[in-house]
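Listed below are the residues making up each chain.
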Amino acid sequence: MDEARVGVFICHCGSNIAGFLDIAELVEYAQTLPHVVFVQDNVYTCADAGRAQIVKGITEEGLNRVVVASCTPRTHEPLFRTTCQQAGLNPYLFEFVNIRDQCSWVHMQERERATDKAKDLLRMGVARAALLEPKEAIEVEVIPAALVIGAGVAGLSAALSLANQGFEVKLVEREAEMGGLLRDVHRLYPTGDDARTFIDAKVEAVKRHPNIEVFTGTEVRDVRGFVGNYEVVVEQGEKELAFSVGAIIVATGAKEFKPVGMYGYDGEKVITQGELEKLLALRGHELRVTGHEETSTVRPVASLPVAHPSVVMIQCVGSRSDERSYCGRICCMMAVKNALLIKEADPRAQVYVLYRDMLTLGVEYEGLYREARGQGVTFIQYSPQSPPTVNDGQVVVYDELLGQALTIPSDLVVLSTPLVGQADAPNLAQMLKVPVDEYGFFLEAHVKLRPLDFATDGIFLCGSAHWPSDVGESVSQAYGAAARASILLGGGKVGVEPIISVVDEEKCIGCGLCETVCPYKAIVLRDTEAGRKAQTIAASCKGCGVCGAGCPERAISMQHYTDQQLFAQIDALVEV
Amino acid sequence: MTATGGFEPKILGFLCNWCSYAGADLAGVSRFQYPPTLRVIRVMCSGRVDPVFVLRAFSRGVDGVMVLGCHPGDCHYATGNYYARNRAKVLKRLLELAGVNPDRLVLDWVSAGEGEHFATLVRDFTERIKALGPLGRSEGLSWDELQKRLAAARRVMEGEQIRWLVGREREMVDKGDVYGQPISQEVFDALLEPSVVAEYLRSRLLLLTADRPLSVKAMAGEMGMAPRLVLPHIVALEQAGLMAMVGIEGNSPRYQSISG
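Residues numbered from 1 in each chain as written. Chains lettered and ligands numbered in written order. Predicted model: local features only at pLDDT ≥ 70, side-chain atom pairs only at ≥ 80, totals over all residues. Heavy atoms only, no water.

(A) Geometry of the overall build of chain A. Summing up its helical and strand segments, chain A has 15 helices and 28 strands in all. In chain A, buried positions account for 58% of the 576 residues. Partitioning the contacts of chain A with sequence separation of at least 6, the portion at a separation of at least 24 is 69%. (Helix = DSSP H or I, 4+ residues; strand = E, 2+ residues; numbered from the N terminus. Buried < 20%, exposed > 50% of the residue type's maximum accessible area, 1.4 Å probe, protein only. Contact = heavy atoms within 4.5 Å.)

(B) Focus on the interface of chain A and chain B. Each partner contributes residues to the interface: chain A has 62 residues there, and chain B has 65 residues. Here chain A meets chain B over a buried area of about 5600 Å², counting both sides, of which 56% is carbon and sulfur. Across the chain A-chain B interface, the total number found is seven salt bridges. Two residues, Asp120 of chain A and Lys10 of chain B, come together in a salt bridge whose shortest N-O distance is 2.6 Å. Taken together, the links from chain A to chain B amount to 25 residue pairs in polar contact (both at pLDDT 80 or more). Elements supplying a minimum of two residues to the side of chain A that touches chain B: helix 3 (73–86), helix 4 (100–104), helix 5 (111–130), strand 9 (218–226), helix 13 (513–517), helix 14 (546–550) and helix 15 (563–573) of chain A. (Buried area = accessible area lost by both parts, 1.4 Å probe. Salt bridge = Lys/Arg side-chain N within 4 Å of Asp/Glu carboxyl O. Polar contact = N/O pair within 3.5 Å; in protein donor to acceptor, adjacent residues only side chain to side chain.)

(C) Broad picture of the pattern of salt bridges. Within the structure shown, the criterion is met by 50 salt bridges over all chains. A salt bridge links Glu168 of chain A to Lys170 of chain A, with the nearest nitrogen and oxygen atoms 3.1 Å apart. A relative accessible area of 10% means that Lys170 of chain A is categorised as buried. Here Arg149 of chain B and Glu145 of chain B are joined by a salt bridge, their closest N and O atoms 2.8 Å apart. In this pair, Arg149 of chain B and Glu145 of chain B both sit in helix 5 (residues 143–158), four residues apart, roughly one turn of the helix. Glu145 of chain B matches Arg149 of chain B in its accessibility class, with the two residues each being buried. Here the salt bridges share partners, and the residues they tie into one network are Glu77, Arg81 and Glu497 of chain A together with Arg42 of chain B.

(D) Geometry of the pairing of strand 3 (residues 64–69) of chain B. All names here are of chain B. Extensive coverage of strand 3 is indicated by the burial of six of its six residues. Relative to strand 3, strand 1 (residues 11–16) runs parallel, the two being bridged by five bridges. From the neighbouring strand, Leu12 faces strand 3, where its bridge partner is Val65. In the sheet, strand 3 pairs with strand 4 (residues 105–109) via five bridges, with the strands oriented parallel. By the bridge assignment for strand 4, Gly69 is matched with Trp109. For the segment spanning strand 3, helix 3 (residues 80–97) and strand 4, crossover handedness is right-handed. (Pairing = 2+ DSSP bridges. Right-handed = clockwise from strand over helix to strand, strands pointing away.)

(E) The arrangement of the state of the cysteines in detail. What the rule picks out here adds up to one disulfide over all chains. Left without a disulfide partner, Cys518 of chain A is nearest to the cysteine sulfur of Cys544 of chain A, which lies 6.4 Å away. (Disulfide = S-S within 2.5 Å.)

(F) Inspection of the packing of aromatic side chains at higher detail. Residue and element names in this part refer to chain A. This model, assessed by the stated rule, comprises 16 aromatic pairs over all chains. Considering the side-chain rings of Tyr189 and Tyr365, the 5.0 Å spacing of their centres and the 90 degrees angle between planes classify their relative orientation as edge-to-face. Of this pair, Tyr189 sits in the loop between strand 7 (168–172) and helix 7 (195–208) while Tyr365 sits in helix 10 (residues 362–374), placing them 176 residues apart in sequence. Taken individually, Tyr189 and Tyr365 each receive the classification buried, so the pair is uniform in this respect. (Phe/Tyr/Trp six-rings, centres within 6.5 Å; stacked < 30°, edge-to-face > 60°.)

(G) Looking closely at the sheet that holds strand 18 (residues 389–391) of chain A. Residues and elements named next belong to chain A. Reading across the sheet, the three strands line up as 18-19-20 and stay open at both edges, with antiparallel pairing between neighbours. At either margin of the open sheet sits one strand with a lone partner, and together these are strand 18 and strand 20 (404–409). Across the sheet, the mean angle from the axis of one strand to that of its neighbour is 20 degrees, orientation sign disregarded. Summarising the sheet, strand 18 and strand 19 (residues 394–399) pair through three bridges and their orientation is antiparallel. In the strand pairing of strand 19, Val390 is matched with Val395. (Axes fitted to C-alpha atoms, helices over the stretch in contact; angles between N-to-C directions.)

All quantities given are derived from atomic positions and should not be read as evidence of function.
Here's what the structure looks like:
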């Protein structure tokens, strides 16, 4: 390799980095580093314009090493590697310096010290970059089967989509029955379709599909392996089952927050929006099974306590609060839909929706909101500083628009609470090595660039396990996740990083310690003319480096993470 | 040192790609704030961290080192973190022998979902290192003396004996020795301890006499030990062909290490 000509591209990430670090100082500093011949800052290095600059740097400035100081390699390294490749530079001559996720975002009040840290990180990255060597990716076979975890609307849709493309699907559901939350929903907005009919059809299609094997009453116990080759162990009652899949889709959904201790919640006169669904659905199905096939004949309010009831719905219960800062996203629409259903069944019923902000996005949902107003549903805005109070048979609310307190008689109070993540989501996350947020929702690799992928390759995400999603969104995400998985499964092979061990046979004394410690049996002793020597089986090596770090003779080097590269990084930490 | 004159520790972190690095990213995504004292090197697995890396960092004047991996049982590579744990144990002992506070090294676990935990670890470790003070100075060691001692520790971890023992620890304790007899952790530790001590002292002796011959008394003086405790190691080195008597001054034989 010729002498290193390092180009450094420093990303503003809009204001995500530039707002907290002194970019001009970093640019100036990077120019002083050894081997650096070109430095540029970009508002968004990952955007077309930013990547074009990298290509230009390689082709016009003769850069043979590229360093990007930006977000995190876990999301953007593949993109920049591809950019290097497009410009004719081996992708393994690229180095990432993380100055956003691990610098600007975590030192938001310390511009000077954070900038100093970023300088250190740049220096370390450049030192490593200068020693990088070109590598070729290694290809491994992909098992053309997928595991889908969760058989709600998202999981069912993803499973069907993959199965229809000809892939084998293992669908695991921990409940005894498939269908998820929709089993307890009455009708779907904005179409008014019967939820049970809708979900039952999907469940039946899954059951009948020859490519789908369903495991109900089953939980995932262990996941090992890597993209294209995951080993999964599930527990079904007393039995443990194991299977191998190439991809995994997480569709574990969410559950409704139970507002215990709030607004006199008792599950009878003060219920949740989800419980109202159940009540309406139950009544609807009773009528349906007794011969009233047309959903229009359903009179859901027949199950409410009195004729012409007064129903008060309170929005944002347990959400957009200190405890749970997020918006429930679907509860406004549920409230509008159920308000309309009640009015439709009993036009003399009174429905009040006490809201902080109504969120009925888009043409159709906004239309339903208008319709609800037209039907006489009363919308009253309250502020979180003076929330409504629920007393026996009446609700008192301070109307922000009228500027006065109103007392509303109520036969039923309905609390719109958000979906919350599954309590054991962190367990599953740990098994899959993917992140969950503090509310138990899974976090995608990148909110815009890879919204349905996890950062861990070969694992995808859809539905309310991600964030509260309505049916349309869940199905869209499921199809998207299935499509993402099918790219992998249909490819047959996947490139894995050429981070493998290489044995220096001159130094190797054939002690066999590496063979002992390797978890993949990827290094074996073989007889050679020079005696017993360790040899790496490249296709089996996963690149952990445990052999190299332990070899008594220090005869094993890890490609792309060589001792020399790591020493350079360590040495560069302290500026001389 | 910051402009205000307070001690600003330099901390190096080795973070595994799959769990702890992801946890550190999550701390960022969640905007959990922590002090800007940590510089991270990403490795695929905590099992990649050769003890030599850690000692090299201390030799460079880094005040603290964090090795963070996946939780036990959750290693992306199944078992890498167990090796990291065994290596951290022997590293701490070597630091102690070198007169460096072993609390300057921490091994801990951070999952991909534990952003807050990661931030807390960095905060706590920064506080710990701040309390200890700059490397060497708070140990009462001059820079040169620190370098000598760390060089000896590094030599131990570059050599095959301790690398071999530490590498075999898991298997010997879990599955048994070459005769298929598992040995208890206590027995293993009792076996390791004298080897580490002997290797450290011998490394120091070899480095002390690399450029010039020294008497037993002079070597003992340099190491702050009684000559009678140093002598057996000199004999052992002589027998191993690593040190030789090269002359006598007065009544004292002088020894020098044999390079190569």
